[in-house]
Amino acid sequence: MKHRSRLILAGVLAATLFSGGQSIALDENSYTGDKASDMMIDLVVVRPIGLVGTVIGAAAFVVALPFTIPTNSVGASARGLVGEPAEYTFNRPLGEFRVCGADRHPCGAR
């Protein structure tokens, strides 16, 4: 039981850090103004937090399925809980915090 509560606490903390880190990254075009430093921050801090957020979102998506299937909102739930965090984590140029994909669209805009 103690291990489970620590795991839940770690998940909530990671989700909080992910959402806070993403909003900070979207407020400014750059953390430091130096491209190499932005890349290091992205690689060491933002991407791992995004990975944790994607995993937590996937778990939340599975838990939400009994509620989203009857309302035909599975696609919206999948996009919001899994797709957007995954896109921000895996489909974004290193050191770029506002755009995703090869076409450089705003993250989460599709």
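To keep things clear, this report deals only with the structure shown in the data block. (Residues numbered from 1 in each chain as written. Predicted model: local features only at pLDDT ≥ 70, side-chain atom pairs only at ≥ 80, totals over all residues. Heavy atoms only, no water.)

## A short note on the state of the cysteines
Under the criterion given, the structure shown has one disulfide. Residue pairing for cysteine 100: its cysteine sulfur links by disulfide to cysteine 107, the two sulfurs lying 2.0 Å apart. Given an S-S torsion of about 95 degrees, the disulfide between cysteine 100 and cysteine 107 has right-handed geometry. Assigned by exposure class, cysteine 100 and cysteine 107 land together as buried. (Disulfide = S-S within 2.5 Å. Buried < 20%, exposed > 50% of the residue type's maximum accessible area, 1.4 Å probe, protein only.)

## Notes on the nonpolar core
Ranked by size, the top nonpolar core spans five residues in total: Val46, Tyr88, Phe97, Cys100 and Cys107. Excluding residues within four positions of it along the chain, cysteine 100 makes contact with Glu87, Tyr88, Asn91, Arg92, His105 and Cys107. (Core = buried A, V, L, I, M, F, W, Y, C linked by side-chain atoms within 4.5 Å. Contact = heavy atoms within 4.5 Å.)

## Quick notes on the packing of helix H2 (residues 35–68) against helix H3 (residues 74–90)
The interhelical angle for the contact between H2 and H3, taken along N-to-C directions, is 170 degrees, at an axis separation of 8 Å. Classified by the angle their axes make, H2 and H3 are roughly antiparallel. In terms of residue class, the contact of H2 with H3 is made up of 15 nonpolar, seven polar and one charged. (Axes fitted to C-alpha atoms, helices over the stretch in contact; angles between N-to-C directions. Helix = DSSP H or I, 4+ residues; strand = E, 2+ residues; numbered from the N terminus. Parallel < 35°, antiparallel > 145°, perpendicular 65-115°, else oblique. Nonpolar A, V, L, I, M, F, W, Y, C, P; charged D, E, K, R; others polar.)

## A look at H2
Spanning 34 residues, H2 covers only 41 Å between terminal C-alpha atoms, well under the ideal 50 Å at 1.5 Å per step. Largest kink in H2: about 40 degrees, centred on aspartate 42. Among the residues of H2, those classed as buried are Asp38, Asp42, Val46, Arg47, Gly50, Gly53, Thr54, Gly57, Phe61, Ala64 and Thr68. (Expected span 1.5 Å × (residues − 1). Bend = angle between axes of the 7 residues up to and from the residue.)

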